[in-house]
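# Chain and residue survey
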Amino acid sequence: MSQGVRTRPEGNGQALSKAYDTALLDLDGVVYAGGNAIAHAVDSLATAREGGMRLAYVTNNALRTPDTVAEHLTELGIPTGADDVITSAQAVARLISEQVPAGSRVLVIGGEGLRVALRERGLEPVESADDDPAAVVQGFGGPDLPWGRFAEASYAVARGVPWFASNTDLTIPSGRGIAPGNGAAVEVVRIATGAEPQVAGKPLPPMHRETILRTGAKRPLVVGDRLDTDIEGAFNGEVDSLLVLTGVTDGAQLLAAPPQHRPTYVDADLRGMLTGQPEVTEAGEGFRCGGWSAKAGEERLELVGDGEALDGLRALCAAAWTAAGDGVCELDGGKALARLGL
């Protein structure tokens, strides 16, 4: 089945950590939440690594440097080097370096992660639109980024300076809940100027290219919790993906996923990397997985059976995605999901 019309999660008889050479792992909502490791993450990653799988951590957050991210992961009990971390700051710095002369000045609206990535590419970070920048780059700057930085970007962009963004995630998870992300900040400059930035981060190709260049992965598996960045990024890169339900995506959102947001595999958490994935098979007018059968009725998704809740969710996905085809499933799945406790 071609990637563009996925109508069910796929199965795999091998543990995913054996079937793929490199895991490209998102961080927030996958490995940690609010700075603390998510349940089963540390042990699962250790087992995958000991079995020969390379672990790479791929984040759209351009604020922190790879060194800082690696230190944080190591403190959580996940031994990590800076070379194991790929950020949207690195991806956007490469994108800029391909379009401006070496040594060019770049106006930075963001944090230290952007400055370090620009210097790595031989570019000079500057702070003012009056510093004659060859480009403007915008990345997540944290909650303390002054409002005046958006004005500085707007002055330069309005003068015709090329504008780049590390990513356009509208939200970012925090220890207190969901906060505005870099995409919300990009909207401020877009409203002020009417311009459109070149974007590097997930789900767009520059981020996937940066990840493959830095890891050398031959058969990568994208592991994430967001449909619109992690899973769509895998879709755009034409590689397989594992969605874990430890972050922002819930069962209802998964059922309603359009083709570019449909993961190859679905599991509860990172323990899913260590096991095979059950097949979803056709059964009469519907689909079966484990002890569950599901089909699309005239107005709602229907689920019968008993067993592992995730098997029921996989069967429901098959029914929903088949009903939706290349569109979005609009059948009521509330009662079916309630049966699974998801």
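Scroll up to find the structure this text is about.
### A short note on the overall build of the protein chain
The helix and strand inventory of the protein chain stands at twelve helices and 19 strands. A compact globule built from 342 residues would reach a C-alpha radius of gyration of about 20 Å, and the protein chain, at 21 Å, matches this within 12%. Principal-axis analysis of the C-alpha atoms places the extent of the protein chain at approximately 70 × 45 × 35 Å. Of all 342 residues assigned to the protein chain, the portion counted as buried reaches 54%. Counting 29 positive and 46 negative side-chain charges, the protein chain places the averaged centre of each group 2 Å from the other.

### Side note on the sheet that holds strand S17 (residues 286-289)
Taking strand neighbours across the sheet as the criterion, the four strands line up as S16-S17-S18-S19 in an open arrangement whose pairing is antiparallel. Edge positions in the sheet fall to strand S16 (281-283) and strand S19 (301-305), since each of these pairs with one other strand and no more. Strand-to-strand, the axes of this sheet are offset by a mean angle of 30 degrees, without reference to chain direction. When S16 meets S17, the two strands line up antiparallel, connected through three bridges. Counted as the bridge partner of Thr281 is Arg288 from S17. Packing against the sheet, helix H11 (residues 309-324) makes contact with S17, strand S18 (292-296) and S19, and its axis sits at approximately 20 degrees to S18.

### Some points on the pattern of salt bridges
The tally for this structure, following the rule as stated, stands at 21 salt bridges. Among the ionic pairs, Glu98 bridges to Arg209, the shortest N-O distance being 3.0 Å. With Glu98 in the loop between helix H4 (88-97) and strand S6 (105-109) and Arg209 in helix H8 (residues 205-215), the pair connects residues that are 111 residues apart, well separated along the chain. By relative accessible area, Arg209 is classed as partly exposed at 34%. A salt bridge links Asp267 to Arg314; the nearest nitrogen and oxygen atoms lie 3.4 Å apart. In this pair, Asp267 sits in strand S15 (residues 265-267) while Arg314 sits in helix H11, placing the two residues 47 residues apart along the sequence. Each member of the pair Asp267 and Arg314 is classed as buried. Taken together, the salt bridges that share partners define one network made up of Arg94, Glu120, Glu210 and Arg214.

### Re the side chain of Arg314
Judged by relative accessible area, which is 6%, Arg314 ranks as buried. For Arg314, the side chain forms a polar contact with the main-chain oxygen of Val266, separated by 2.8 Å. A distance of 3.5 Å separates the side chain of Arg314 from the side chain of Gln277, its partner in a polar contact.

### Some words on the environment of Gly290
Inspection of the secondary structure assignment puts Gly290 in the loop between S17 and S18. Separated by 181 residues in the primary sequence, Gly290 and Ile109 have C-alpha atoms spaced 50 Å apart.

### Quick notes on the packing of aromatic side chains
Counted according to the given criterion, the structure contains two aromatic pairs. Considering the side-chain rings of Tyr20 and Tyr265, the 6.3 Å spacing of their centres and the 75 degrees angle between planes classify their relative orientation as edge-to-face. Residue Tyr20 is located in the loop between helix H1 (16-19) and strand S1 (22-25), and its partner Tyr265 is located in strand S15; the two are separated by 245 residues in the primary sequence. Here Tyr20 and Tyr265 have matching classes, each one buried. Between Trp147 and Phe150, the aromatic rings sit 5.3 Å apart at their centres with planes inclined by 85 degrees, giving edge-to-face as the arrangement.

### Some words on the environment of Tyr265
The class of Tyr265 is buried, set by a relative accessible area of 2%. Contact partners of Tyr265, with chain neighbours within four places excluded, come to Glu10, Gly11, Asn12, Leu16, Tyr20, Leu221, Asp240, Ser241, Leu242, Leu243 and Gln277. At 3.2 Å, the side chain of Tyr265 forms a polar contact with the side chain of Asn12.

### Quick look at a negative patch on the surface
Taken together, the side chains of Asp67, Glu71, Glu75 and Asp83 make up a negatively charged region of the molecular surface. Note that Glu75 resides in helix H3 (residues 66-75). Owing to a relative accessible area of 67%, Glu75 belongs among the exposed residues under this scheme.

### Some details on helix H2 (residues 41-50)
For H2, the complete set of buried residues consists of Ala41, Ser44, Leu45, Ala46 and Ala48. In this structure, the buried side of H2 is in contact with H1, S1 and strand S4 (54-59). Immediately downstream of H2, the backbone of Gly52 shows phi near 105 degrees, a positive value.

### Topic: H4
Counting buried residues along H4, nine of its ten residues qualify, which places the element largely inside the surrounding structure. Three or more residues of H4 are buried, namely Ser88, Ala89, Gln90, Ala91, Val92, Ala93, Arg94, Leu95 and Ile96.

### Regarding the pairing of S6
Counting buried positions along S6 yields four of five residues, so the element is predominantly enclosed. Relative to strand S7 (residues 124-126), S6 runs parallel, the two sharing three bridges. Bridging from a neighbouring strand, Leu107 pairs with Val126 of S7. Tracing the backbone out of S6, into helix H5 (residues 112-120) and back to the parallel element S7 gives a crossover that is right-handed. The pairing of S6 with strand S8 (residues 135-138) spans four bridges and is classified as parallel. Note on S8: the bridge partner recorded for Ile109 is Gln138.

The rules behind these values
Residues numbered from 1 in each chain as written. Predicted model: local features only at pLDDT ≥ 70, side-chain atom pairs only at ≥ 80, totals over all residues. Heavy atoms only, no water. Helix = DSSP H or I, 4+ residues; strand = E, 2+ residues; numbered from the N terminus. Rg over C-alpha atoms; globule rule 2.2 N^0.38 Å. Buried < 20%, exposed > 50% of the residue type's maximum accessible area, 1.4 Å probe, protein only. Lys, Arg positive; Asp, Glu negative; His and termini not counted. Charge placed at Lys NZ, Arg CZ, Asp CG, Glu CD. Pairing = 2+ DSSP bridges. Axes fitted to C-alpha atoms, helices over the stretch in contact; angles between N-to-C directions. Contact = heavy atoms within 4.5 Å. Salt bridge = Lys/Arg side-chain N within 4 Å of Asp/Glu carboxyl O. Polar contact = N/O pair within 3.5 Å; in protein donor to acceptor, adjacent residues only side chain to side chain. Phe/Tyr/Trp six-rings, centres within 6.5 Å; stacked < 30°, edge-to-face > 60°. Patch = residues over 30% accessible without salt bridge, like charges linked within 9 Å, V, L, I, M, F, W, Y side chains within 5 Å. Areas by Shrake-Rupley, 256 points an atom, 1.4 Å probe, with all protein chains shown as cover. Right-handed = clockwise from strand over helix to strand, strands pointing away.

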